[in-house]
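Report on the structure
Residues per chain, in single letters:
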Amino acid sequence: MESVVFIFSLIDCCALIFLAVYFIITLSDLECDYINARSCCSKLNKWVIPEVIGHAVVTVLMLISLHWFIFLLNLPIATWNIYRFIMVPSGNMGVFDPTEIHNRGQLKSHMKEAMIKLGFHLLCFFMYLYRLSSCPSSLV
């Protein structure tokens with residue numbers, strides 16, 4: 001059972017890594033004026049809910065499977081994702097709003113957040129891979 005948990009977590013973590021890279025590439029395209037703010041924000045807002053769900057599922061899975069350290073490691077990022085999604089002001093297009101993305105350095109903060117998430121998910125990827133290789137497996 002433990003190996004199934006870490007296989008699923010590894011697959012989910014790969015998806016979250018690809019999402020973080022996609023966010024970084026799309027935000028850097030906006031920064032270099034390759035795409036406009038409206039198309040950038042609509043592309044990114046499509047993937048906010050899958051990111052929140054993907055990270056929340058892994059966090060809850062670690063809680064259910066009693067991997068406390070990994071659960072506590074994932075909890076702040078999952079909480080931040082949910083908070084950011086819930087606290088979108090009414091009238092905004094989503095977490096990424098084209099009218100505000102160039103204001104108050106939001107583009108830089110979104111880019112920094114995507115970089116931090118990429119580093120976090122890479123750390124988690126190798127941690128899950130290590131745990132998968134060290135757990136006694138009935139699948140092998």
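Being a predicted model, the structure only gives us computed values, none of them experimental.

Another aspect to go through is the overall build of the protein chain. For the protein chain, the helix and strand inventory stands at five helices and zero strands. Listing the helices and strands of the protein chain from first to last along the sequence gives α-α-α-α-α. Based on the C-alpha atoms only, the size of the protein chain along its principal axes is roughly 50 × 30 × 20 Å. Counting every position in the protein chain, which comprises 140 residues, the buried fraction comes to 42%. A sequence separation of at least 24 residues applies to 76% of the contacts in the protein chain between residues at least 6 apart. Averaging the positions of the 9 positive and the 9 negative side-chain charges in the protein chain gives two centres separated by 2 Å.

This next bit is on unusual backbone geometry. Of note in this structure, Asp33 is not a glycine but carries a positive phi near 60 degrees. Along the chain, Asp33 turns up in the loop between helix H1 (2-31) and helix H2 (37-45). The phi dihedral of Leu66 is positive, around 60 degrees, even though this residue is not glycine. With respect to the secondary-structure elements, Leu66 resides in the loop between helix H3 (48-64) and helix H4 (68-86). Given a relative accessible area of 53%, Leu66 falls into the exposed group.

The next thing to look at is the UniProt feature "transmembrane region" (unreviewed entry) in the protein chain. Feature annotation in UniProt assigns "transmembrane region" (unreviewed entry) to the following positions: residues 5-25 and 52-75. The annotated region residues 5-25 carries 100% helix and 0% strand content, and the separation between its end C-alpha atoms amounts to 30 Å.

Analysis parameters
Residues numbered from 1 in each chain as written. Predicted model: local features only at pLDDT ≥ 70, side-chain atom pairs only at ≥ 80, totals over all residues. Heavy atoms only, no water. Helix = DSSP H or I, 4+ residues; strand = E, 2+ residues; numbered from the N terminus. Buried < 20%, exposed > 50% of the residue type's maximum accessible area, 1.4 Å probe, protein only. Contact = heavy atoms within 4.5 Å. Lys, Arg positive; Asp, Glu negative; His and termini not counted. Charge placed at Lys NZ, Arg CZ, Asp CG, Glu CD. UniProt positions renumbered as here; feature names shortened; annotations may be inferred.

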